[in-house]
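Remarks on the overall topology
Spelled out from the first residue to the last, the chains are:
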Amino acid sequence: MQQVAIGWLVYDLSKSAFTLGFVRFLSGDSNHAAHARRGAVADRVEKRRVVVITESAAMVLAFVLTGLVLLRRW
């Protein structure tokens, strides 16, 4: 859901399909580059801790995105 919101926001701000595609490419590229490191960490750390940390980070990023959208609308 957050990826959809980011895509919507990028397109709303830029009105450019190229910019939207570029941002989506960069987002996916960073995910692919980090898979090996994330797998190694997940094997060594307690699973519950990994889930709590990643979900907390996603929540913080969602709040930041919300704040940026609200600041732009004022």
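Residues numbered from 1 in each chain as written. Predicted model: local features only at pLDDT ≥ 70, side-chain atom pairs only at ≥ 80, totals over all residues. Heavy atoms only, no water.

1. Some remarks on the packing of aromatic side chains
For the record, the criterion: In summary, the pairing rule links any two rings of Phe, Tyr or Trp, Trp by its six-membered ring, whose centres are within 6.5 Å, and it sorts them by plane angle into stacked for under 30 degrees, edge-to-face for over 60 and tilted for everything else. A run of H or I in DSSP counts as a helix once it spans at least four residues, and a run of E counts as a strand once it spans at least two, with each numbered from the N terminus. Note on classification: 1.4 Å probe, protein chains only; a residue is buried when its accessible area is under 20% of the maximum for its type, exposed when over 50%, partly exposed between these limits.
Within the structure shown, the criterion is met by 1 aromatic pair. Judged by centre distance (6.2 Å) and plane angle (10°), the rings of Phe 18 and Phe 22 are stacked. Here the residue Phe 18 and the residue Phe 22 both occupy positions in helix 2 (residues 17–44), the gap between them amounting to 4 residues, near one helical turn. Judged by relative accessible area, which is 67%, Phe 18 ranks as exposed. Since its relative accessible area comes to 44%, Phe 22 is described here as partly exposed.

2. Quick look at a nonpolar patch on the surface
Short version of the rule: Each patch is built from residues lacking any salt bridge and having more than 30% relative accessible area; the joining distance is 9 Å for like charges and 5 Å for nonpolar side chains (Val, Leu, Ile, Met, Phe, Trp, Tyr). Per-residue accessibility takes into account occlusion by the displayed protein chains alone, with areas from the Shrake-Rupley method and a 1.4 Å probe. Throughout this description, the term salt bridge denotes a Lys or Arg side-chain nitrogen within 4 Å of a carboxyl oxygen of Asp or Glu.
On the surface, Met 59, Val 60, Phe 63, Val 64, Leu 68 and Leu 71 cluster together to form a nonpolar patch covering roughly 630 Å² of accessible area. Of note, Leu 71 is situated in helix 3 (residues 47–73). Judged by its relative accessible area of 62%, Leu 71 is exposed.

3. Quick word on unusual backbone geometry
If a residue is not glycine, its phi is most likely negative; likewise, a peptide bond is most likely trans. You will see that Lys 15, though not glycine, has its phi angle at about 55°, which is positive. Examined against the element boundaries, Lys 15 turns out to sit in the loop between helix 1 (2–14) and helix 2.

4. Structural notes on the pattern of salt bridges
With the rule as written, the count across this model stands at 1 salt bridge. Across the pair Asp 12 and Lys 15 runs a salt bridge whose closest N-O atoms are separated by 3.3 Å. Classification of Lys 15 by relative accessible area gives exposed; the value is 56%.

5. Here we look at the environment of Val 51
Its place among the elements puts Val 51 in helix 3. On the basis of relative accessible area, Val 51 is assigned to the partly exposed category, the value being 47%. Sequence spacing of Val 51 and Leu 20 is 31 residues, and the spatial spacing of their C-alpha atoms is 29 Å.

6. Observations concerning the confidence of the model for the protein chain
Applicable threshold: The predictor rates its confidence in each residue with pLDDT, a number between 0 and 100.
Chain-level pLDDT for the protein chain is 84 on average; 92% of the residues reach the 70-or-more range. Between the elements of the protein chain, mean pLDDT differs from a low of 80, seen in helix 2, to a high of 88, seen in helix 3.

7. Notes on helix 1
What counts, and what does not: Expected helix span is computed as 1.5 Å times (number of residues minus one). It is the directions from the helix axis to the C-beta atoms whose arc is reported.
With 13 residues, helix 1 should reach 18 Å at 1.5 Å per residue; the first-to-last C-alpha distance of 18 Å fits that figure. Those residues of helix 1 that fall on the buried side of the exposure criterion are Gly 7, Leu 9 and Val 10. One side of helix 1 holds all its buried residues, which, seen down the axis, span an arc of 165°. A positive backbone phi angle near 55° is found at Lys 15, which sits one or two residues after helix 1.

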